[in-house]
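These are the residues of each chain, in order.
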Amino acid sequence: MNGAILCIAWIVGLLSTAHSNGWMGLLGLGLGLIGMRVLSLRTPWPLLYPWRRGPRVAFWLLALAIALLASLYFFLRIPTPGSRDISRIVPEVSRSPVTITGTIKTMPRLTRSQTVQFQLQALKLQAKPTQKTVRGLLYVSLPPKQGKDLHPGQRVEVSGYLYKPRRSATPQGFDFEDYLTRSGIFAGLRGKTVTVKQSGGTWGGWAVRQRIVRSHARFLGPEKGALVSAMVLGHRRVNLPFDLRNRFVKVGLAHALAASGFHVSIILAGLLKATDHLSPPTQFLSGLIGLIVFIFLSGFEPSVFRAVLMGMAGLAAVATNQKLNPVGVLLLVAVGLLVIQPQWIWDLGFQLSFLATLGLIVTVPPLTQRLDWLPPAIASLFAVPIAAMLWTLPLQLYQFGIAPIYCLLANIFTTPLLILLTAGGFCSGIIAVVWPWAGGLLAWLLAIPTQGLIWLVTQISELPGASLTLGTLSIWQLVLLYGLLVSAWLLPIGKQRLPLLMTLAVGIIILPIWHHQVHRFQITIFDRATPPMMVIQQPGSTLVLNSGDRNTASQTLVPFLQRQGIDQVDLALATDLRPRWREGWPELLQQLSVKKLIPISLTDNTALQEWILKSQAQPEQLRSLQIGEQLIQNQTQISVLRHQPTLLQFTINQQKWLMVAGRYQGLLPWLQTTQVLSPQVLWWSTKVDLEVINQLQPQALILTSRHIDAESLSQLERRIPQVYWTPRDGAVQWNRDRGFESTFPLSENPASPL
């Protein structure tokens with residue numbers, strides 16, 4: 001028990017780094033626990049009896065010291081760029097083409113943006129007229145054609161543009177800068193061309209994985225082959241089609257595509273079954289070899305480390321015929337990994353893997369007992385996915401705001417196929433390393449089960465309401481939910497009051513979300529100039545202005561709406577109908593329902609209508625909006641004042657907003673002949689015209705145009721009470737209660753004029 005408390009102290013200490021003053025919270029928590037111990041010795045309260053029998057004050061002081069040490073250790077281990085790191089040169093050459101010479105460190109893989117990405121160990125930088133020796137890792141992206149036939153170990157020259165990664169400009173968006181920093185990367189390179197200078201080695205982990213992937217693809221086809229390979233190597237090692245991967249994620253089967261404890265358990269179970277007639281040392285040796293092969297194939301990732309170390313502990317227990325304390329082993333493994341790399345505490349894969357394993361350890365046995373009216377195999381089939389879902393769902397809601405409704409159904413029906421394909425894929429992969437033709441032939445026998453799994457996952461993903469969009473949880477909701485789970489696990493009163501705990505959990509999730517949805521009035525203007533993007537959230541309805549291109553819609557707009565708990569757009573407006581900006585609407589329609597889609601443009605909207613009609617989902621209504629026509633959506637009124645540039649007037653919460661966007665033509669003569677009331681908020685998303693902005697006299701100005709000189713921006717900031725420039729400040733939000741806020745506040749903003 002004492003050892004578990006010390007392990008938990010280390011983990012809590014690392015978690016406290018979420019806030020800059022987290023150490024103060026640690027002190028408060030530690031002193032509170034010590035106070036409970038002291039109070040239990042002086043006060044005969046029955047509720048304090050467990051504290052009287054618990055650890056002494058000296059032990060709690062030790063636990064507090066360990067937690068504070070973990071917090072300090074985390075900050076000491078944060079990667080920082082060295083004096084010769086290439087990121088230090090980025091400000092000098094950010095707008096100039098450069099050529100970087102370096103060595104490829106990771107296997108190139110295709111991203112959602114349809115670019116090839118890999119890590120490059122930089123050695124030399126060439127930029128006219130300078131040439132420097134540099135160090136450090138680079139995040140390199142290349143066009144797909146340029147990324148062919150690249151592999152780790154090659155010495156290459158990549159030409160392109162350097163940049164510094166930026167935090168997400170969208171509220172609650174993906175923090176690209178933090179993601180790269182955890183890997184010790186502080187700069188990126190948008191590559192245009194690549195030249196191989198040295199071929200590098202022809203053998204290694206990457207070559208083994210490619211041999212397996214090609215063998216599977218040759219005999220199963222691209223899609224089925226990639227799926228079988230992903231179930232053995234993990235999706236990070238395979239270019240699995242993103243639409244197929246999304247289907248697995250949507251139905252709650254993401255774990256099947258990530259090398260983790262699920263795969264380790266299948267491999268170990270098969271090996272132990274095959275060697276059950278042999279001696280325990282032989283069983284241990286065969287299992288150990290299998291785990292080493294698995295980690296070599298899958299790569300050295302947190303979830304793989306955790307799963308393999310747990311598997312090794314289980315093997316040791318089998319070999320020595322001793323009873324294993326699985327929770328203690330899990331805590332020791334977690335602490336060991338977090339000592340090696342404390343940054344993993346914020347790796348979502350590590351968190352989900354740890355919680356899912358803990359759920360299987362502590363929740364499956366009592367669940368199986370409650371399902372004793374079912375055959376043992378069927379009871380286990382129900383208990384395992386339920387336990388994993390209970391312990392991971394709060395974190396999923398906190399991160400993404402989406403709950404897979406048919407997760408239990410999908411896990412029950414697909415588990416036999418997943419076991420067969422994982423075991424078969426592992427065996428065929430091992431054989432393919434030695435003899436690709438034989439390995440591929442064995443994989444060919446998996447064609448029908450693989451097609452069956454794809455069909456089953458597709459059917460479940462297309463069921464009505466396959467995922468429930470609730471919106472993200474707050475940190476206090478997350479803490480309360482896991483507090484209830486721990487109570488149901490450890491406290492006798494919690495085990496006896498499970499229906500009450502379940503009711504409390506539902507209330508903790510639903511009531512704040514319901515209150516937020518009913519009372520929310522919020523406007524979000526994104527960090528985009530072309531086309532300008534905005535979301536208006538008001539009680540009972542949601543309005544979206546423009547969707548961006550395909551990548552923006554799928555990677556920025558849809559995740560934002562889902563985190564806000566929005567699964568339906570009541571009104572969508574399109575002000576730019578050029579081909580690139582039309583592609584975003586089908587992406588949005590595939591994820592969310594849209595009641596009305598209204599183009600606002602001088603150009604013919606037939607192309608947009610045809611594009612939408614070709615997609616799998618369509619809005620309920622598609623029509624045009626003419627100049628002078630007024631739309632009313634709940635508490636928002638919209639009218640078109642002009643085209644080229646597009647002028648949209650919004651009356652929001654009885655306040656006037658004016659948007660200026662599109663191809664700019666002088667507005668001053670038009671304003672002199674047209675009566676336009678001065679708006680409280682002016683949103684300018686085209687070429688900046690200081691004279692027109694000054695004549696409109698807004699109380700707040702939001703600039704999304706990226707081309708404005710420092711002097712003009714300074715003039716505007718002197719004349720207008722509130723000025724936001726999204727390339728500097730990130731996305732801008734207005735809330736009825738808090739006023740204006742920006743993603744990257746440089747200073748305290750004055751009170752909102754609204």
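Keep in mind that what you see is a predicted model, and the values were worked out from it rather than measured.

Caption draft 1: Representation of the overall build of the protein within the structure. The helix and strand inventory of the protein stands at 29 helices and 24 strands. Taking 754 residues into account, the globule formula puts the C-alpha radius of gyration at 27 Å, and the protein, at 29 Å, falls close to it. Dimensions of the protein along its principal axes, counting C-alpha atoms only, are 95 × 75 × 55 Å. Sequence separation of 24 or more characterises 64% of the internal contacts of the protein that already satisfy a separation of 6 or more. Approximately 36,100 Å² of the protein is accessible, and the part contributed by carbon and sulfur atoms is 60%. With 63 positive and 34 negative side-chain charges, the protein shows a spacing of 9 Å between the two charge centroids.

Caption draft 2: Structural view of the packing of aromatic side chains. Across all of its chains, the model carries 15 aromatic pairs by this definition. Taking the centre distance of 6.0 Å and the plane angle of 85° together, the rings of F521 and W734 count as edge-to-face. In this pair, F521 sits in the loop between α21 (498–519) and β10 (522–525) while W734 sits in strand β23 (residues 732–735), placing the two residues 213 residues apart along the sequence. Look at F521 and you get buried, because its relative accessible area is 1%.

Caption draft 3: Structural detail: the pattern of salt bridges. Taken as a whole and judged by the stated rule, the model has 14 salt bridges. For the salt bridge of R182 with D178, the shortest nitrogen-to-oxygen distance reads 2.6 Å. With a closest N to O distance of 3.1 Å, R580 and D549 form a salt bridge. One end of the pair, R580, is in helix α23 (residues 579–582); the other, D549, is in the loop between β12 (541–545) and α22 (550–563), and 31 residues separate them in sequence. For D549, a relative accessible area of 10% gives the class buried. Each of the salt bridges in this network shares a partner with another, and the network as a whole consists of R166, D527 and R706.

Caption draft 4: Summary view of the environment of S428. With respect to the element layout, S428 can be found in helix α16 (residues 407–434). Sequence separation between S428 and V228 is 200 residues; the distance between their C-alpha atoms is 9.8 Å. Residues contacting S428, with those up to four places away along its chain left out, are H216, G439, L442 and A443.

Caption draft 5: Highlighting the nonpolar core. L227, F248, F294 and L453 are the most contacted members of the largest nonpolar core, which has 43 residues in total. Contributions of two or more residues to this core are made by α7 (205–220), α8 (222–233), α9 (242–250), α10 (261–274), α11 (280–298), α12 (302–320), α16 and α18 (447–461). With seven residues, α8 is the largest single contributor of residues to this core.

Caption draft 6: Quick look at the side chain of T392. For T392, the position within the fold is in helix α15 (residues 376–399). Looking at T392, its side chain comes within polar contact range of the main-chain oxygen of A388, at 2.7 Å. If sequence neighbours within four positions are ignored, T392 has contacts with L352, L355, A356 and Y482.

Caption draft 7: Quick look at a nonpolar patch on the surface. There is a patch of nonpolar side chains on the surface, built from I431, V434, W435, W437, L441, L442, W444 and L445 and spanning about 840 Å² of accessible area. If you list the elements that add at least two residues to the nonpolar patch, you get α16 and α17 (436–444). Ranked by the residues each element gives to the nonpolar patch, the list is headed by α17, at four residues. On the secondary structure map, L441 appears in helix α17.

Caption draft 8: Fine view of the pairing of strand β1 (residues 98–104). Burial runs high along β1: six of the seven residues are buried. Across six bridges, the pairing between β1 and strand β6 (residues 155–163) is antiparallel. Bridged to T103 within β6 is R155. Pairing geometry for β1 and strand β3 (residues 116–127), over six bridges, is antiparallel. Pairing of T103 across the sheet is with Q121, part of β3.

Caption draft 9: Representation of the confidence of the model for the protein. For the protein, the mean per-residue pLDDT works out to 85, and 94% of the residues sit at or above 70. In the predicted structure, residues 747–754 sits below a pLDDT of 50 and forms 20 contacts with residues beyond four places in sequence or in another chain.

Caption draft 10: Fine view of the sheet that holds strand β21 (residues 700–703). In spatial order, the strands read β16-β17-β18-β19-β20-β21-β22; together these seven strands make up an open sheet with mixed pairing. The sheet is open, and its two edges are formed by β16 (630–633) and β22 (722–725), each paired on a single side. For this sheet, the mean inter-axis angle between neighbouring strands, taken without regard to orientation, is 15°. The pairing of strand β20 (residues 681–685) with β21 spans four bridges and is parallel. Within β21, the residue paired with W684 across the bridge is L703. Seen against the sheet, helix α28 (residues 710–719) touches β21 and β22 and runs at an angle of roughly 150° to β22.

Caption draft 11: Up close: α11. Counted at 1.5 Å a residue, the expected span for α11 with its 19 residues is 27 Å, and the 27 Å between its end C-alpha atoms agrees. Of the positions making up α11, those classed as buried are Q283, G287, G290, L291, F294, I295, L297 and S298. Projected onto a plane normal to the axis of α11, the buried residues spread over an arc of 160° and lie on a single side.

Caption draft 12: Local environment of unusual backbone geometry. Despite not being glycine, Q114 has its phi angle at roughly 60°, a positive value. Here Q114 lies in the loop between β2 (109–110) and β3. Backbone geometry places N546, a non-glycine residue, at a positive phi of 65°. Turning to its location among the elements, N546 is positioned in the loop between β12 and α22. N546 sits in the buried class, given a relative accessible area of 2%.

Caption draft 13: Summary view of the environment of L592. Take L592: it is sitting in the loop between α24 (584–591) and β14 (593–599). Judged by its relative accessible area of 3%, L592 falls in the buried class. When near neighbours in sequence (up to four residues on either side) are disregarded, L592 contacts L561, I566, D567 and V569.

Caption draft 14: Broad picture of the pairing of β20. Among the five residues of β20, five are classified as buried, and the element is accordingly described as predominantly covered. Because side chains alternate across β20, one face comprises the buried residues V681, W683 and S685, and the other comprises L682 and W684, equally buried. Of the pairings in the sheet, the one linking strand β19 (residues 655–661) to β20 comprises five bridges and is parallel in character. Its bridge partner lying in β20, M659 is registered against W683. In this region the chain leaves β19, passes through helix α26 (residues 668–673) and returns to the parallel neighbour β20; the handedness of that crossover is right-handed. In this fold, β20 hands off to helix α27 (residues 690–696), which returns the chain to β21; that crossover is right-handed.

Caption draft 15: Looking closely at the side chain of D570. Within the secondary structure, D570 sits in strand β13 (residues 568–574). Contact partners of D570, with chain neighbours within four places excluded, come to G540, S541, T542, K595, K596 and Q633.

How each quantity is defined
- Residues numbered from 1 in each chain as written.
- Predicted model: local features only at pLDDT ≥ 70, side-chain atom pairs only at ≥ 80, totals over all residues.
- Heavy atoms only, no water.
- Helix = DSSP H or I, 4+ residues; strand = E, 2+ residues; numbered from the N terminus.
- Rg over C-alpha atoms; globule rule 2.2 N^0.38 Å.
- Contact = heavy atoms within 4.5 Å.
- Areas by Shrake-Rupley, 256 points an atom, 1.4 Å probe, with all protein chains shown as cover.
- Lys, Arg positive; Asp, Glu negative; His and termini not counted.
- Charge placed at Lys NZ, Arg CZ, Asp CG, Glu CD.
- Phe/Tyr/Trp six-rings, centres within 6.5 Å; stacked < 30°, edge-to-face > 60°.
- Buried < 20%, exposed > 50% of the residue type's maximum accessible area, 1.4 Å probe, protein only.
- Salt bridge = Lys/Arg side-chain N within 4 Å of Asp/Glu carboxyl O.
- Core = buried A, V, L, I, M, F, W, Y, C linked by side-chain atoms within 4.5 Å.
- Polar contact = N/O pair within 3.5 Å; in protein donor to acceptor, adjacent residues only side chain to side chain.
- Patch = residues over 30% accessible without salt bridge, like charges linked within 9 Å, V, L, I, M, F, W, Y side chains within 5 Å.
- Pairing = 2+ DSSP bridges.
- pLDDT = per-residue confidence, 0-100.
- Axes fitted to C-alpha atoms, helices over the stretch in contact; angles between N-to-C directions.
- Expected span 1.5 Å × (residues − 1).
- Arc of directions from axis to C-beta.
- Right-handed = clockwise from strand over helix to strand, strands pointing away.

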